[in-house]
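Below, each chain spelled out in residue letters.
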Amino acid sequence: QVQLVESGGGLVQAGGSLRLSCAASGNIFRINVMGWYRQAPGKQRELVAVINSGGSTNYADSVKGRFAISRDTAKNTVYLQMNSLKPEDTAVYYCYADVNSGSIRYYGMWGKGTLVTVSS
């Protein structure tokens, strides 16, 4: 019943910026972790940035200093501000969540993904 919906992907030039949004909906008691992974063609899915219920964040080394994750707890929404984008950032970006729904914990919920393309 819990769903994750991403938005904000698109085409940008190298050096540009983009902001992704992910809204969680449904019977949510608590969001433990929420964030973003990405997958480029021919590569495995990798962590980009996550934030937990206490506000602690974790970033991939490749995006530190360029990307920033934030949240709006009241809206069950997480954002990814991406600055100084590089062609190697091109990928499908997937929203991830670890949530408690009722008395059940769901460790690995995924959105459908949003495509980010960075031109050189």
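The following refers to the structure shown.

Conventions we followed
Residues numbered from 1 in each chain as written. Predicted model: local features only at pLDDT ≥ 70, side-chain atom pairs only at ≥ 80, totals over all residues. Heavy atoms only, no water. Helix = DSSP H or I, 4+ residues; strand = E, 2+ residues; numbered from the N terminus. Rg over C-alpha atoms; globule rule 2.2 N^0.38 Å. Buried < 20%, exposed > 50% of the residue type's maximum accessible area, 1.4 Å probe, protein only. Contact = heavy atoms within 4.5 Å. Areas by Shrake-Rupley, 256 points an atom, 1.4 Å probe, with all protein chains shown as cover. Lys, Arg positive; Asp, Glu negative; His and termini not counted. Charge placed at Lys NZ, Arg CZ, Asp CG, Glu CD. Salt bridge = Lys/Arg side-chain N within 4 Å of Asp/Glu carboxyl O. Core = buried A, V, L, I, M, F, W, Y, C linked by side-chain atoms within 4.5 Å. 1 Å grid on protein atoms, 1.4 Å probe; cavity = no way out; pocket = protein on both sides within 12 Å on 5 of 7 lines; lining within 4 Å. Points joined across faces, edges and corners; volume = space filled by probe spheres on them. Nonpolar A, V, L, I, M, F, W, Y, C, P; charged D, E, K, R; others polar. Pairing = 2+ DSSP bridges. Axes fitted to C-alpha atoms, helices over the stretch in contact; angles between N-to-C directions. Phe/Tyr/Trp six-rings, centres within 6.5 Å; stacked < 30°, edge-to-face > 60°.

Things to note about the overall build of the chain
When helices and strands are counted, the chain shows zero helices and eleven strands. Element order for the chain, N to C, with α for helix and β for strand: β-β-β-β-β-β-β-β-β-β-β. A compact globule built from 120 residues should have a C-alpha radius of gyration of about 14 Å, and the chain, at 14 Å, falls within 12% of that. For the chain, the C-alpha atoms occupy an extent of roughly 50 × 25 × 20 Å along the three principal directions. Here the chain, with 120 residues, has 42% of them falling under the buried criterion. Contacts in the chain between residues far apart in sequence, at least 24 positions, make up 54% of those at least 6 positions apart. Roughly 6500 Å² of accessible area belongs to the chain as shown, and the carbon and sulfur atoms make up 47% of that amount. One way to put it: in the chain the 12 positive side-chain charges average out to a point 3 Å from where the 7 negative ones average out.

With respect to the pattern of salt bridges
For the structure shown, the criterion picks out five salt bridges. For K64, the salt bridge identified is with D61, shortest N-O distance 3.1 Å. R105 is paired through a salt bridge with D98; the nearest N and O atoms lie 2.8 Å apart. Assessed through its relative accessible area of 5%, D98 is described here as buried. Counted as one network, the salt bridges with shared partners bring together R38, E46, R66 and D89.

Quick look at the nonpolar core
Membership of the largest hydrophobic core comes to 32 residues, with the highest contact counts inside it found for M34, W36, L80, M82 and Y93. Residue contributions to this core peak at five residues, all from strand β9 (residues 91–101).

Overview of the layout of surface pockets
Here the largest pocket defines a volume of roughly 180 Å³. Considering the residues around the largest pocket, the lining is formed by 13 residues, among which I31, S53, R71, T73 and N76 are closest to the centre. Sorting the residues of the lining of the largest pocket by element identifies β4 (30–39), β5 (46–52), β7 (67–72) and β8 (77–82) as the ones contributing at least two each. Of the residues forming the lining of the largest pocket, the biggest block, four residues, is contributed by β4. Its residues assigned to classes, the lining of the largest pocket comprises five nonpolar, six polar and two charged.

Some thoughts on the sheet that holds β8
Judged by pairing direction, the sheet is antiparallel, and its four strands sit side by side in the order β1-β3-β8-β7 without closing on themselves. Edge positions in the sheet fall to β1 (3–7) and β7, since each has one partner strand and no second. Averaged over neighbouring strand pairs, the angle between their axes works out to 15° when direction is ignored. Summarising the sheet, strand β3 (residues 18–25) and β8 pair through six bridges and their orientation is antiparallel.

Description of the packing of aromatic side chains
Each pair of aromatic rings is reported with the distance of its centres and the angle of its planes. Scanning the entire structure with this criterion turns up three aromatic pairs. Between the aromatic rings of Y37 and Y96, the centroid separation amounts to 5.4 Å while the plane-to-plane angle is 55°, which identifies the pairing as tilted. Within this pair, whereas Y37 is found in strand β4, its partner Y96 is found in strand β9, the two being separated by 59 residues in sequence. A single burial state applies to Y37 and to Y96, both of which are buried. Among the aromatic residues, ring-to-ring pairing joins Y37, Y96 and W110 into one connected group.

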